[in-house]
Amino acid sequence: MTLAATAAHPGFLSPTGVEIAFLLVGLTTLGAALITVTTKQLVHAALWLVVALGGIAVEYLLLTAEFIAWVQVLIYVGSIVVLLLFGLMLTRAPIGRSPDADSGNRWVALGASVAAAGALVWVVVDAFRTTWIDLDGPAQGSTKASGEFLFRHWVLPFEALSVLLLAALVGAIVLSRKARQGKQARQDKQARQDKQARQGKQARQDQQARRDQQSRPLQQVRPATDREDQS
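Chains are numbered independently. Their residues run from 1 in the order of the written sequence. With the structure being a predicted model, the display of local features is reserved for residues of pLDDT at least 70 and the display and counting of side-chain atom pairs for 80 or more, all residues being used for whole-chain, interface and lining totals. As a rule here, side-chain values come from all non-hydrogen atoms in the structure, and water together with hydrogens is ignored.

Asks: Can you help me understand the overall build of the protein chain in this one?
Replies: Helix and strand definitions here come from DSSP, where helices need a minimum of 4 consecutive H or I residues and strands a minimum of 2 consecutive E residues; each element is numbered from the N-terminal end. Helix and strand content of the protein chain: seven helices and zero strands. Helices (α) and strands (β) of the protein chain occur, in sequence order from the N terminus, as α-α-α-α-α-α-α. Relative accessible area decides the class of each residue, using a 1.4 Å probe on protein chains only: under 20% of the type maximum gives buried, over 50% gives exposed, and in between gives partly exposed. Residues classed as buried in the protein chain amount to 10% of the 231 residues present. By the convention used here, residues are in contact when the closest approach between their heavy atoms is within 4.5 Å. Partitioning the intrachain contacts of the protein chain with sequence separation of at least 6 by distance along the chain shows that 70% fall at a separation of at least 24. The protein chains shown are the only cover counted for residues, whose accessible areas, like all others here, come from Shrake-Rupley with a 1.4 Å probe. Carbon and sulfur atoms form 66% of the exposed surface of the protein chain, whose accessible area is close to 18500 Å².

Below is the structure:
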C-alpha cells in the first residue's frame, strides 16, 4: 500500500502549487530566523521572530493542520512575542544597536545550530521517508483529529509537559521575588546613603554659615581701628 501511494504521488520533479508555496514560505521563514539570531537590535529581533513564527503557522495551514496553525499564532505570536516585547520595555533595554548583544561565539553557535539542524532533518526524513500527506483529502490536523491523537497516545508526555511548565512558572516567580527584594534592599541602601550625604552637606553648609557670621564682626571692627590710626 505504501508503494502504491508512493507511485501515485507525482514526485519532486513535478511539484504542485501547494508544494511550491510551502517551499517559498519555508525559505522566508528561514531567512527571518537567521535575521533574528544575527541582528544586534533587540526590538528588530523580536519583530523578525514574529515573521518566523508566522511563517511556521502558514506552513501548518498548508499541511491542513489548521488547529496547530492557530495555536501557533495565538500562543507564540500572540503571547510569547508580546511577553518578550514587554520584557524589553520593562527592563529598559536599548532600542538601537547593542554591541553587547554579540558574545563573540558566532562560529561556535553556527556549528551547534548546523549540527542540530542536520540531526533534526535526518530524523524527520528517516521517519517520514515514504509518508505523504493528501492535501486534497480531509483535513488531518483538525481539532478533532489532533485531540484524539494527543489524548489517546500522548497523554503522559502532555501532562508531564504541563507540570514542567508549572514548575518553570513557579521558579520564575521565586526568582523574580528574590530579585525584587534584592533590588529593594539596594534601593533602600542607596536612599540611606543619599540621605546621609545630604545631611553631611547640610551640616557643612551650616558650619560654613556660622563661620561667616563669626567673621563678620571682626571685619567690621578692623576698618574702625584703621580709621582711628589714620586720625
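Asks: What is the right way to read a nonpolar patch on the surface from this model?
Replies: Residues enter patches when they are more than 30% accessible in relative terms and free of salt bridges; like-charged ones are connected within 9 Å and nonpolar ones (Val, Leu, Ile, Met, Phe, Trp, Tyr) within 5 Å. Criterion for a salt bridge: a side-chain nitrogen of Lys or Arg within 4 Å of a carboxyl oxygen of Asp or Glu. A cluster of nonpolar side chains, Leu-61, Trp-70, Leu-74, Ile-75, Tyr-76, Ile-80 and Leu-84, forms an exposed patch at the surface whose accessible area comes to about 680 Å². Here the nonpolar patch takes six residues from helix H4 (residues 66-90), the largest share from any one element. Along the chain, the position of Leu-61 falls in helix H3 (residues 42-62). What makes Leu-61 partly exposed here is its relative accessible area of 44%.

Asks: Explanation requested: the side chain of Thr-36 in the structure shown.
Replies: Here Thr-36 lies in helix H2 (residues 17-38). A relative accessible area of 18% places Thr-36 in the buried class. Two N or O atoms form a polar contact when they lie within 3.5 Å of each other; inside protein one atom must be a possible hydrogen donor and the other a possible acceptor, and for residues adjacent in sequence the pair counts only when both atoms belong to side chains. One polar contact links the side chain of Thr-36 to the main-chain carbonyl oxygen of Ala-32, over a distance of 2.7 Å. Within the structure, the side chain of Thr-36 is placed 3.4 Å from the backbone nitrogen of Leu-49, a separation counted as a polar contact. In this structure Thr-36 touches Ala-45, Trp-48 and Leu-49, once residues within four positions along its chain are discounted.

Asks: Would you explain H2 in this entry?
Replies: Since one α-helical turn is 3.6 residues long, residues separated by three or four positions face the same way. In this analysis, the expected span of each helix is defined as 1.5 Å times one less than the number of residues it contains. A rise of 1.5 Å per residue sets the reference length of H2, with its 22 residues, at 32 Å; its end C-alpha atoms lie 32 Å apart and thus fit the reference within 8%. Of all the residues in H2, the buried ones are Thr-29, Ala-32 and Thr-36. All buried residues of H2 fall inside an arc of 60° around its axis, so they share one side. The exposed residues of H2 that point more than 90 degrees off its buried face are Leu-23, Leu-24 and Leu-27. Directions pointing from the helix axis toward each C-beta atom define the arc.

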